[in-house]
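Working through the structure, step by step
One letter stands for each residue in the lines below.
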Amino acid sequence: MAQREDADGNRRWSIDRRTLGLWLLGLLAALAVLWGLGAAAPVLIPLAGAFFVAVAVAPIGRWVRDRVPPRLALLGPLAAMLTVLLVLTAFGGGLWFIGQRVAGEVPRHAEELQRLWGQASGWIDGLRERFRGDSGSNGDGGGGAEALSGLVASVLTAAREAVSTLVVVLFLALLMLVEAPVWREKIVKTLGPERCATTVTAVTAIAQQFRRFLLVSTTLGLITGALYIGWLSLFGIDFLFLWGFLAFLLNYIPVIGSVGAATLPVLMALAQSGSTTALMVAGGLLVIEQVMGNFIGPRLEGKQLAISPLVIVSSLLLWSWLWGAAGTVLAVPMTVLIAIALSHIDALRPFAFVLSDKSDRRRFEARTRPE
């Protein structure tokens, strides 16, 4: 777009055809990339998950490989994957423990939960009748039981698919860790020592910042979960460990995750103790989220690149549209990884600034410039 003067001396804006063509070409290319990402989801989802796992545990494998004889170098990737398996085992053990506790407590709240389920179903049916003109359900108990059984079946199906995908992800991550030194040699021979050194330095910095992001998110999640348990225990809210565990998990999804983590225990407090207790619980959880998000979080992040909340929500919508539930899990790591990568390429650093939550360009440059 350029500013030109017409015959009368007036300034008018005109769009250069070449510039317009480039913009249209870029838009078409972006749409083609989005289509490709959606079409290749069955292949890209396991690859993306394996890449994040490999990047997260690569230092463990490198540390072990540097301390064993060359003929035992395979112990490095095996040790890294063993660490992943131990984490997954602890995760599964925590789920089993929480499931046992919840299963023991559910019968005491069965009647109240059934009443809340009926109210929620009636509210949803009312909205359906109002906006879609459907007849809705008759509100009988059989409909609620049928919906609940369908929900359980859906959860079991999703769990089976998640386990099968996890097996593929772990296998691919192991292959990535084993072949990483080989691929580095290939890059050296292809690009040459000088260009390869620059590339390896940038990739190493990106990986370090991404691991710092994972470490900070995990630390914040643990602190948030502990604070949830402590606050809810003051009011005698049941399923304490479940709410703390959910707060830990949903901490990896900024903005939306904190809303979901706080809503469920508030509803439980409403069902168990009434509206007054629910309001007090909601106020305390709001304070916890504000303190963690605005005080402790920024101090733990240090030089970590922070992403704008609007960008986070937009990326969640985009990746969940492209990849479904897996996209929801991978949205934040992929967005952070893309932003970190952009911040390490001088020509693309303005795009990283747009994705960040900073408004001062100079402060952004000082915090994110590679050392």
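Here, every reference points to the structure presented above.
Quick caveat, the model's predicted, so the values are computed rather than measured.

1. Concerning the overall build of the protein chain
- Regarding its fold elements, the protein chain presents 12 helices and 2 strands.
- Starting at the N terminus, the α and β elements of the protein chain follow one another as β-β-α-α-α-α-α-α-α-α-α-α-α-α.
- Burial analysis of the protein chain (371 residues in total) assigns 28% to the buried set.
- Contacts in the protein chain between residues at least 24 apart in sequence constitute 65% of all its contacts with a sequence separation of at least 6.
- Total accessible area on the protein chain is roughly 23,300 Å²; 68% of this is exposed by carbon and sulfur atoms.

2. Side note on the packing of helix α2 (residues 41–65) against helix α10 (residues 309–343)
- Running from N to C, α2 and α10 cross one another at 40°; their axes reach a closest spacing of 11 Å. One finds that α2 runs oblique with respect to α10. For the pair α2 and α10, the sense of crossing is left-handed. Of α10, the residues touching α2 (which contributes A41, L44, I45, A48, G49, F51 and F52) are L322, W323, A326, L330, P333, M334 and L337.

3. A few points about the side chain of T224
- In this fold, T224 is placed in helix α6 (residues 193–233).
- When neighbours within four sequence positions are excluded, T224 is seen to be in contact with A247, N251, I288, E289 and M292.

4. Focus: the nonpolar core
- Counting 29 residues, the largest nonpolar core has F52, W319, W323 and L330 as the members making the most contacts within it.
- Looking at this core, the elements that each hand over two or more residues are α2, α6, α10 and α11 (349–355).
- Leave out the neighbours within four places in its chain, and W323 touches L37, G38, A41, L44, I45, A48, L330 and M334.
- With 21 residues, the next largest nonpolar core counts I237, A247, A278 and L285 among its residues.

Each value, and the rule that gives it
Residues numbered from 1 in each chain as written. Predicted model: local features only at pLDDT ≥ 70, side-chain atom pairs only at ≥ 80, totals over all residues. Heavy atoms only, no water. Helix = DSSP H or I, 4+ residues; strand = E, 2+ residues; numbered from the N terminus. Buried < 20%, exposed > 50% of the residue type's maximum accessible area, 1.4 Å probe, protein only. Contact = heavy atoms within 4.5 Å. Areas by Shrake-Rupley, 256 points an atom, 1.4 Å probe, with all protein chains shown as cover. Axes fitted to C-alpha atoms, helices over the stretch in contact; angles between N-to-C directions. Parallel < 35°, antiparallel > 145°, perpendicular 65-115°, else oblique. Left-handed = near helix turned anticlockwise from the far one by under 90°. Core = buried A, V, L, I, M, F, W, Y, C linked by side-chain atoms within 4.5 Å.

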